[in-house]
Amino acid sequence: MREITFSEALGEAMYEEMLKDPTIFTYGEDIAKQGGIFGAYKPLLGKFPDRIIDTPISEEVIFGSALGAALAGMRPVAEFHFADFIFTGMTAVTNQIMKIRYMTGGQAKLPLILRGPDGISKSAAAQHSESIETIFMHVPGIKVIIPSTPYDMKGLFKTALHSDDPVICFEHKLLYKIKGPVPEEEYYIPFGVADVKRKGKDVTVVTTSRMVHESLKAAENLAKKGIDVEVVDLRTLVPWDKKTVIDSVKKTHHLIVAHETWKRGGWGAEIASVVQEEAFDYLDAPILRVGAKNVHIPFSPPLQDFVAPDHEDVENAIEKVLEGA
Amino acid sequence: MDYSKEFLQGLYRTMVRIRAFDSKAEELFLEGKLPGFIHLYIGEEAIATGVMANLRKDDYITSTHRGHGHMIAKGADMKKMMAELYGKITGYCRGKGGSMHIADLSIGVLGANGEVAGGLPIASGAGMAIKLKKSDQVVVAFFGDGASNRGAFHEALNWCSVYKLPVIFVNENNQFASTERVQETTSVQNISDRAVSYSIPGVTIDGNDVIAVYEAVKSAVERARNGGGPTLIEAKTYRIKGHFVGDPTLYRKKKEVQEYWRIEPIGRFEKRLEKMGMLTDEEKEKIKSEAEKEVEEAVRFAEESPFPETATALQDLFVDDTGYDYY
Ligand SMILES: Cc1ncc(C[n+]2csc(CCOP(=O)(O)OP(=O)(O)O)c2C)c(N)n1
Ligand SMILES: [Mg+2]
């Protein structure tokens, strides 16, 4: 199968759906001329010039206007530039987009997407490195997609472009350039269906985004020690695939939840709670979480490496959980 | 122009020092020696220099992602700045902030913001504190043309006008917000026109003319110190370098940039001083070589300094971290 990058996968998804659906348009800061700061829109450059719009630095309006445009019959895709700057327009998301359908007794359809980069990169420091997906799992009202491969990026995004509910998509900065197999034929990936990225029988690692790759690396390293790790990529957090996770735990009896966002209060805590509520008897050891230490992402490379989790943290957690934690 | 040679050469020296620092930062970044992003102040030196010539050490500023020039003009130590760019423990922020967040609270720099317009509400609060303490300090909030389209800018102007706060809003209109030209995203011809909506004085000046900046800020500072409230000053300039080092700059032509190199602030001021007989070739060379030496020493200091111990990552969040769970 041919291989394309994560950002090309996003561009292709947009291109294919924009050809079919004239109500799709996209806007945000710095997307129309250089294809976005991480190149995600490069495949769209020169196509649909009036449907790719550079906007002022006005995040509350970028997000709030997506709601207005959706209510008025369009399908906007608004870019948040950096996940950290969602907060500068947060009220438009949590107080408007996520509430209006419910508040109006189900009158509104909201075919809109908010998307953009999150996570660490090469020393972007505390205001350009956050992963904040948990918040959108905590506050009800938006679907959360967080892909880890070009294949998943394209399939999930195409589904998002057909959703009548609002969707937020987190694209990890360190993934944009990775390559992976993506078929030429059109396909869609439904929300709420996890993908078992590696089958194993000793321990389950539930994860998303960059940490999928770190977990696969951990699994490979531990395979040399005879430990057989199953890596479950949730792909979407709202909704999340409880069944696949619990089935895996029934098989391995050990669970690790790994994410880049802070360990404390991160979405891993939610997964862990649900599993112990619903599958307690299948667990042979306490569930362990892997996440960033509870400080901000520091600038200096050795400090960033220390604060943000990687495959070694996953390996340590796996060894600990297999010792009975 | 009735200024002493000492004063004029002081302005010139500050601009040259900023240029030397940022030229070096660019070079080091391109050599792969610096992590992160670097936003250069090259071509905008007259603004920080002309502003800061009006400020006392106890006056405050809020800086931006393009803040190296603000720091140098406010009196920062280049060694600690350079060490921060390298992510070393001897840097101003102990390696936690990097280029975008270099700050020195002891000289009144209330943070450098990676969030566009993030400093304007902070400057407003410092203005409130000054008013409540009945002191005669002032605050200068630096921000870009792009920042003037954020709600935080409009809310802060209204706020400072209503409470008559001693805040000077200095807009560095370098004509671009990353890849976007100011005209494409901004409803007014001059950003200073926006002052009218908030009933405060607004002026547009040539931001590449250090004396024009100095004089405009001087009257704003006098008014602010005397309880006259805020001013919006738009200093028009041009960002002759990319948005960040490594920016492919596909959004403009090389020729346009070359045109602006012709009116960059240092060369212009140099000619003016020479014409006035206020700067000899010898003095010029001395100022330049001193600046370069200062930068070289800063680089040496930074390179010889150690990286922070990983344990320091778990410091500096709280004053009292009793009971706090870092893991
Ligand atoms: C709230 C927010 N939105 C977006 C960004 C990304 N960003 C960083 S700098 C920049 C352009 C800023 O332009 P301007 O205010 O004119 O300052 P300049 O870089 O030209 O000095 C943008 C969009 C950001 N840092 N903060
Ligand atoms: Mg600008």
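You'll find the structure just up there.
What comes next concerns the included structure. A quick note: this is a predicted structure, and the numbers were derived from the prediction, not measured.

### Some words on the sheet that holds strand E4 (residues 167–173) of chain B
All names here are of chain B. Read from one edge to the other, the open sheet built from six strands follows the order E2-E1-E3-E4-E8-E7, with strand pairing classed as parallel. Edge positions in the open sheet fall to strand E2 (109–112) and strand E7 (202–206), since each of these has one partner strand only. The average angle at which neighbouring strand axes cross in this sheet is 15°, direction not considered. Inspection of the sheet shows E7 paired to strand E8 (residues 231–236) by five bridges, in the parallel sense. Each bridged residue has a counterpart across the sheet, and for glycine 202 the counterpart in E8 is leucine 232. In this fold helix H2 (residues 45–52) packs onto strand E1 (60–63), strand E3 (139–144), E4 and E8, with an angle of close to 170° to the strand it touches most, E3.

### Here's the deal with the site of ligand 1
With respect to spatial proximity, 23 residues lie near ligand 1, and among them Glu59 of chain A together with His65, Arg66, Gly114 and Asn174 of chain B are the closest. Surrounding ligand 1 are residues belonging to chains A and B, so the site spans chains. In this structure, a nitrogen atom belonging to ligand 1 sits 2.5 Å away from a side-chain N or O atom of glutamate 59 of chain A. Measuring from an oxygen atom of ligand 1, one finds a backbone N or O atom of glycine 146 of chain B at 2.8 Å. Notes on ligand 1: free accessible area 580 Å², of which the protein chains cover 97%. For the shell around ligand 1, the residue count by class is six nonpolar, 10 polar and seven charged.

### Let's talk about the coordination of the magnesium ion (ligand 2)
Residue and element names in this part refer to chain B. Donor atoms from the polypeptide that coordinate the magnesium ion (ligand 2) comprise Asp145 (OD), Asn174 (OD1) and Phe176 (O), at 2.1 Å from the metal. Along the chain, the residues donating to the magnesium ion (ligand 2) are arranged with the sequence spacing D-x28-N-x1-F. Taken together, the positions of aspartate 145 in the loop between E3 and helix H6 (151–162) and asparagine 174 in the loop between E4 and strand E5 (176–177) put the pair 29 residues apart, joining distant regions of the chain. Look at asparagine 174 and you get buried, because its relative accessible area is 4%.

### Concerning the nonpolar core
If you look at the biggest cluster of nonpolar residues, it comprises 74 residues, and the most contacted ones within it are Val51, Met82, Ile168 and Phe269 of chain B. By residue number, the principal contributor to this core is helix H1 (residues 5–30) of chain B, which donates 11 residues. Non-local contacts of methionine 82 of chain B, meaning those with residues more than four positions away in its chain, are made with Phe21, Lys24, Leu28, Val295, Ala298, Val299 and Ala302 of chain B. Counting 49 residues, the second-largest nonpolar core is a separate cluster that includes Tyr27, Met90, Val144 and Val249 of chain A.

So, how was this worked out
Residues numbered from 1 in each chain as written. Chains lettered and ligands numbered in written order. Predicted model: local features only at pLDDT ≥ 70, side-chain atom pairs only at ≥ 80, totals over all residues. Heavy atoms only, no water. Pairing = 2+ DSSP bridges. Helix = DSSP H or I, 4+ residues; strand = E, 2+ residues; numbered from the N terminus. Axes fitted to C-alpha atoms, helices over the stretch in contact; angles between N-to-C directions. Contact = heavy atoms within 4.5 Å. Near = heavy atom within 4 Å. Polar contact = N/O pair within 3.5 Å; in protein donor to acceptor, adjacent residues only side chain to side chain. Areas by Shrake-Rupley, 256 points an atom, 1.4 Å probe, with all protein chains shown as cover. Nonpolar A, V, L, I, M, F, W, Y, C, P; charged D, E, K, R; others polar. Donors = N, O, S within 2.8 Å, 3.2 Å for Na, K, Ca; no water. Buried < 20%, exposed > 50% of the residue type's maximum accessible area, 1.4 Å probe, protein only. Core = buried A, V, L, I, M, F, W, Y, C linked by side-chain atoms within 4.5 Å.

Take it as geometry only, folks, not as evidence of what the structure does.
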